[in-house]
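What follows is the residue order along each chain.
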Amino acid sequence: MADIEAPEGVIHDIGFRHYDGVRLGRGWIVRSLLVETFRGVFGLGRPAKAKIMPWILIGILFAPPLVFALIAVLLGLDALPLSYTAFPQALSLIVSLFVASRAPYCVSRDLRHGVMPLYLSRPMRRNDYVFAKFAGLALSVFAILAAAETLLFVGALLAKLAVGAQITGYLQGLVVSVLYALVLTSIGLVIAAFTPRRGLGVVAIITVLAVVAGIASVASQLLIYHGSATLGNYVGALDPYGLVDGIAVLWFGVDSAFGRDMALGATGGIAFTAAAIGIVAGGIGLLMRRYKKVGVV
């Protein structure tokens with residue numbers, strides 16, 4: 001009798017329980033990744049050593065508002081020593097260090113350990129990953145800046161400064177905080193996405209921000225000194241902090257944190273705003289392009 005061949009490709013039920021719960025889908029996955037990124041930036045849900053760097057920087061960022069409020073109370077000042085819109089630039093080093101230390105955490109580890117195929121095994125697209133990481137870091141940067149602005153605002157109210165002026169300044173400070181969060185996140189994440197080594201990413205981001213700021217400042221001052229004030233103010237916008245400061249000066253009419261006289265009018269305001277939008281859109285575009293081939297087998 002001829003041997004009977006067993007059918008190929010048979011799936012045997014060996015008793016595993018089938019999942020019959022609710023499948024939350026792609027939107028829930030993206031939201032969960034965004035929340036995980038936001039929490040991870042502050043070291044929440046991670047070992048104690050992961051919390052040291054971000055919270056030290058946050059503590060340094062929160063100290064000046066308390067000092068400014070105390071000075072206003074003791075000296076009986078009519079205004080804060082530092083405006084809401086100038087505050088982030090005054091502590092630009094701390095803000096830059098925060099972005100530089102957190103951006104590599106968001107993306108460098110995934111690149112180094114090659115876990116993108118694991119993310120993509122779920123109903124999530126590459127652009128969803130980019131959006132979740134970008135939004136998570138941007139919200140984190142905005143959160144610390146907005147919290148510092150809020151401390152400054154509360155201190156001003158306790159010092160019994162003019163309420164109307166403080167509310168206006170506080171709202172302007174929040175808008176500036178949003179701009180800083182978006183622009184700095186765009187720059188930081190793009191650099192981190194091309195540097196799988198976390199330490200290298202931190203150094204690269206700080207170096208880029210510092211070098212660009214230095215070049216922009218020197219070039220701007222030279223042009224202004226030699227009579228090309230308009231061109232000098234535009235060149236100063238090459239620095240992300242100078243760019244956002246220019247937007248605040250031109251649209252809100254506040255004093256420049258750099259002490260510049262920026263008489264550029266509506267044209268300058270539109271140009272600076274367009275530049276900020278270009279940085280954010282360009283950063284997201286570069287990230288999407290970068291992740292087109294990451295994790296491809």
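Residues numbered from 1 in each chain as written. Predicted model: local features only at pLDDT ≥ 70, side-chain atom pairs only at ≥ 80, totals over all residues. Heavy atoms only, no water.

## Some details on the overall build of the protein
And step 1. Each helix and strand counted, the protein has eleven helices and zero strands in total.
And step 2. Projected onto its principal axes, the C-alpha positions of the protein cover 105 × 45 × 35 Å.
And step 3. Here the protein holds 297 residues, and the buried ones make up 43% of them.
And step 4. In the protein, of all internal contacts separated by at least 6 residues, the share reaching a separation of at least 24 is 76%.
And step 5. Looking at the protein as shown, the accessible area adds up to about 16,000 Å², and 68% of this sits on carbon and sulfur atoms.
And step 6. Both charge centroids of the protein, one from 23 positive and one from 14 negative side chains, sit 4 Å from each other. (Helix = DSSP H or I, 4+ residues; strand = E, 2+ residues; numbered from the N terminus. Buried < 20%, exposed > 50% of the residue type's maximum accessible area, 1.4 Å probe, protein only. Contact = heavy atoms within 4.5 Å. Areas by Shrake-Rupley, 256 points an atom, 1.4 Å probe, with all protein chains shown as cover. Lys, Arg positive; Asp, Glu negative; His and termini not counted. Charge placed at Lys NZ, Arg CZ, Asp CG, Glu CD.)

## Brief notes about the pattern of salt bridges
And step 1. One pass over the structure, following the stated rule, counts two salt bridges.
And step 2. For Asp 128, the salt bridge identified is with Arg 26, shortest N-O distance 2.6 Å. Of this pair, Asp 128 sits in helix α6 (residues 126-158) while Arg 26 is found in helix α1 (residues 25-41), placing the two residues 102 residues apart along the sequence.
And step 3. Between Asp 110 and Lys 133 there is a salt bridge, with the nearest N and O atoms lying 3.7 Å from each other. Here Lys 133 lies in helix α6 and Asp 110 lies in helix α4 (residues 92-113), a separation of 23 residues in the sequence. (Salt bridge = Lys/Arg side-chain N within 4 Å of Asp/Glu carboxyl O.)

## With respect to the environment of Tyr 129
And step 1. Considering the arrangement of structural elements, one finds Tyr 129 in helix α6.
And step 2. Residue Tyr 129 is classed as buried on the basis of its relative accessible area of 0%.
And step 3. Along the sequence, Tyr 129 and Val 235 sit 106 residues apart, while their C-alpha atoms lie 34 Å from each other.
And step 4. Excluding residues that lie within four positions of it along the chain, Tyr 129 makes contacts with Leu 33, Cys 106, Val 107, Asp 110, Met 116, Tyr 119, Met 124 and Tyr 291.

## A few points about unusual backbone geometry
And step 1. Positive phi, close to 60°, is recorded for Lys 160, a residue that is not glycine.
And step 2. Within the element layout of this structure, Lys 160 appears in the loop between α6 and α7 (163-193).
And step 3. A relative accessible area of 76% means that Lys 160 is categorised as exposed.

## What about helix α9 (residues 229-236)?
And step 1. Within α9 the residues assigned to the buried category are Gly 232, Asn 233, Val 235 and Gly 236. The buried residues of α9 all sit within an arc of 160° when viewed along its axis, so they share a single face.
And step 2. Among the structural elements, α8 (198-225), α10 (240-252) and α11 (265-290) are those in contact with the buried residues of α9. (Arc of directions from axis to C-beta.)

## Some words on the packing of α4 against α8
And step 1. Their axes nearest at 8 Å, the elements α4 and α8 cross at an angle of 140°. With respect to α8, the element α4 is oriented oblique. Crossing of α4 against α8: the hand is right-handed. Facing α4, whose interface residues are Ser 96, Leu 97, Val 99, Ala 100, Ser 101, Arg 102, Ala 103, Pro 104, Tyr 105, Ser 108 and Arg 112, α8 presents Arg 198, Gly 201, Val 202, Ile 205, Ile 206 and Leu 209.
And step 2. Taken together, the residues that form the contact of α4 with α8 break down as ten nonpolar, four polar and three charged. (Axes fitted to C-alpha atoms, helices over the stretch in contact; angles between N-to-C directions. Parallel < 35°, antiparallel > 145°, perpendicular 65-115°, else oblique. Left-handed = near helix turned anticlockwise from the far one by under 90°. Nonpolar A, V, L, I, M, F, W, Y, C, P; charged D, E, K, R; others polar.)

## Comments concerning a nonpolar patch on the surface
And step 1. Side chains of Val 67, Leu 70, Ile 71, Val 73, Leu 74, Leu 75 and Leu 77 sit close together on the surface and give an oily, nonpolar patch of about 630 Å² of accessible area.
And step 2. Within the secondary structure layout, Ile 71 lies in helix α2 (residues 49-75). (Patch = residues over 30% accessible without salt bridge, like charges linked within 9 Å, V, L, I, M, F, W, Y side chains within 5 Å.)

## A short note on the packing of aromatic side chains
And step 1. Under the counting rule described, the total for this entry stands at nine aromatic pairs.
And step 2. With centroids separated by 5.9 Å and ring planes inclined at 45°, the aromatic side chains of Phe 42 and Trp 55 adopt a geometry described as tilted. On the criterion of sequence distance, the pair formed by Phe 42 in the loop between α1 and α2 and Trp 55 in helix α2 is long-range, its members being 13 residues apart.
And step 3. Residue classification places Phe 42 among the buried positions, given a relative accessible area of 7%. (Phe/Tyr/Trp six-rings, centres within 6.5 Å; stacked < 30°, edge-to-face > 60°.)

## Remarks on the confidence of the model for the protein
Keep in mind that low pLDDT regions are not for reading the predicted coordinates in detail.
And step 1. On average, the protein scores 89 in pLDDT, and the residues at 70 or more come to 93%.
And step 2. Element-level mean pLDDT values for the protein span from 81 in helix α5 (residues 116-120) up to 96 in α7. (pLDDT = per-residue confidence, 0-100.)

## What to know about the packing of α1 against α4
And step 1. It is the contact of α1 with α4, at a shortest axis distance of 10 Å, that shows an interaxial angle of 135°. One element, α1, and the other, α4, form an angle in the oblique class. Read as a crossing pair, α1 and α4 show a hand that is right-handed. Contact with α1, carried on its side by Glu 36, Thr 37, Gly 40 and Val 41, involves Phe 98, Arg 102, Tyr 105 and Cys 106 of α4 and no other residues of that element.
And step 2. Grouping the constituent residues of the contact of α1 with α4 by class yields four nonpolar, two polar and two charged.

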